[in-house]
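Structural overview
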Amino acid sequence: MKLARAAVRLVDLNLRTPFTTSFGTATLLRRPFVVLETADGRRGVGEVPTLPEPAYKAEVDTPAVLTSLHEWLLPAVAEAQRNGGGIEDVEALRGSYGWVKGAVFAKSGVEAAFWDLLAQEANLPLWKLWGGERRSFDVGVSIGGATTDDVLRLADKAIGLGYRRLKVKIWPGFDREPATALRERFPDLLLQVDANSAYDLSSWERLKALDGLGLLLIEQPLFDDDIVLHARIGRELATPICLDESIHSLRDVDAAISLWGDGAGLERLIVNIKPPRVGGFAEAVAIAHRCSEAGVRTWIGGMLDSAWGKAMNLQLNGLPAIDLPGDHFSPGGAYFEEDVTTTALVAEGGRFALGDAPGTGSAIDWERFERMGDEIFALDLRG
Ligand code: OSB
Ligand code: MG
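First, a word on what this report is: a plain description of the structure on this page. Just so it is clear, the model here is predicted, and its values are computed rather than measured.

To continue, consider the coordination of the magnesium ion (ligand 2). Looking at the metal site, the magnesium ion (ligand 2) is ligated by Asp194 (OD), Glu219 (OE) and Asp244 (OD), spaced 2.1 to 2.3 Å from it. Each donor residue of the magnesium ion (ligand 2) belongs to the same chain, with the gaps between them written as D-x24-E-x24-D. Of this pair, Glu219 sits in strand 8 (residues 217-219) while Asp244 sits in the loop between strand 9 (241-243) and helix 8 (250-261), placing them 25 residues apart in sequence.

What follows is the structure, encoded as structure tokens:
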């Protein structure tokens, strides 16, 4: 691939419903999108689903991602493009910035834009490039309500739209009540809770009260950078633990597999695969296979992504190795007042069907995309 230009646009996305987690409430998201242009005029786009602050985990905030892209990643890609006269494949792309430690979110945006170009060039949908086989699958909804009433109202909306899997945000003091209310209202629902690391080594014991609710999983109750202590409390909970924040790579997954295999049991470990949190889709595919071989269930998590980011995650969900429904849709139908694609994503009856259209199966509405934000920097990659 001969790249001619790399740019970053900052796009404003306004949530139709505020989203509350243990670390705060989101309403406006100002998101970097990486745009790579080839010498023959094609454009590939990769969203970096940042949050305003590093409260979910380090280096996921917009300022940190912009610094990584501007100072390190895009200059490294430019150098590789100049030295090699092109960038052959994803491996070469990742190699160009492989020396940069961390920056998983920023890296994933560059890689996503490159995958978009590769798929357009091959005239294939991304799910085929990634080894997908499943043409349709159940999808889920994540609810970030500030009160139990909010949660029930959003859950009613989602169930009314046909979704059969819900995830709800919890924190110490807001856990038994919303989870029990949901379970009483929807006895057969695939139900999971996400704590976003709000518990510590004493408060986690509250979670034992959730063990009788038949939850699919409890997501990231402890510290955002911890695997070991999660494995330890996993031995004392009947409900499986799901890791989100603390998984950045296949190596982290191997560490978790070795800890759970040695105690709680691999059927009680579940991995939330977020491509941006593991540095991109190549690593996400490798993680899906490793987990499937080990008997660890996986699903694709979201970051309140635009329809473009969600469309890419849905393509990844075509892998048969990914067995649980992911965070793909909002409780009310669409996350944002205005979005960046030409058409909205639709899941009839809580199922999503992948098509044969090349790339993400979706298309950027360039007029709207350009109106919703500004290009904030660009690099000439020629010569
Ligand atoms: O932990 O999964 C999370 C949103 C922002 C930050 C962290 C998380 C989330 C979500 C969003 O749960 C789910 C979605 O995009 O549908
Ligand atoms: Mg989570």
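Ranked by size, the top nonpolar core spans 130 residues in total, and within it Leu69, Trp260, Leu316, Phe329 and Val340 carry the most contacts. The dominant element in this core, judged by the number of residues it contributes, is helix 3 (residues 104-122), at 11 residues. Counting contributing residues, this core receives three or more from each of domain 1 (3-123 + 363-380) and domain 2 (128-353). Excluding its chain neighbours within four sequence positions, the residues that come into contact with Val340 are Val11, Leu13, Phe33, Ser306, Trp308, Ala363, Ile364, Asp365, Arg368, Phe369 and Met372. The next biggest cluster of nonpolar side chains, apart from the first, holds six residues, and it includes Leu217, Cys242, Trp299 and Leu324.

Around ligand 1 there are 19 residues in total, and Asn196, Lys274, Leu304, Lys310 and Tyr335 lie nearest to it. Here an oxygen atom of ligand 1 sits 2.7 Å away from a polar atom, N or O, in the main chain of Leu304. In this structure, an oxygen atom belonging to ligand 1 sits 2.6 Å away from a side-chain N or O atom of Lys310. When ligand 1 is considered free in solution it has 390 Å² of accessible area, and contact with the protein chains removes 99% of it. Of the residues that constitute the shell around ligand 1, the class distribution is seven nonpolar, three polar and nine charged. Taken domain by domain, the shell around ligand 1 gets at least three of its residues from each of domain 1 (3-123 + 363-380) and domain 2 (128-353).

Turning our attention to the state of the cysteines. Within this structure, the stated rule accounts for zero disulfides. For the unlinked cysteine Cys242, the closest cysteine sulfur is that of Cys291, found at 9.9 Å. Judged by relative accessible area, which is 0%, Cys242 ranks as buried. Look at Cys291 and you get buried, because its relative accessible area is 0%.

Scoring rules and cut-offs
Residues numbered from 1 in each chain as written. Chains lettered and ligands numbered in written order. Predicted model: local features only at pLDDT ≥ 70, side-chain atom pairs only at ≥ 80, totals over all residues. Heavy atoms only, no water. Donors = N, O, S within 2.8 Å, 3.2 Å for Na, K, Ca; no water. Helix = DSSP H or I, 4+ residues; strand = E, 2+ residues; numbered from the N terminus. Core = buried A, V, L, I, M, F, W, Y, C linked by side-chain atoms within 4.5 Å. Buried < 20%, exposed > 50% of the residue type's maximum accessible area, 1.4 Å probe, protein only. Domains from an automatic or database assignment. Contact = heavy atoms within 4.5 Å. Near = heavy atom within 4 Å. Polar contact = N/O pair within 3.5 Å; in protein donor to acceptor, adjacent residues only side chain to side chain. Areas by Shrake-Rupley, 256 points an atom, 1.4 Å probe, with all protein chains shown as cover. Nonpolar A, V, L, I, M, F, W, Y, C, P; charged D, E, K, R; others polar. Disulfide = S-S within 2.5 Å.

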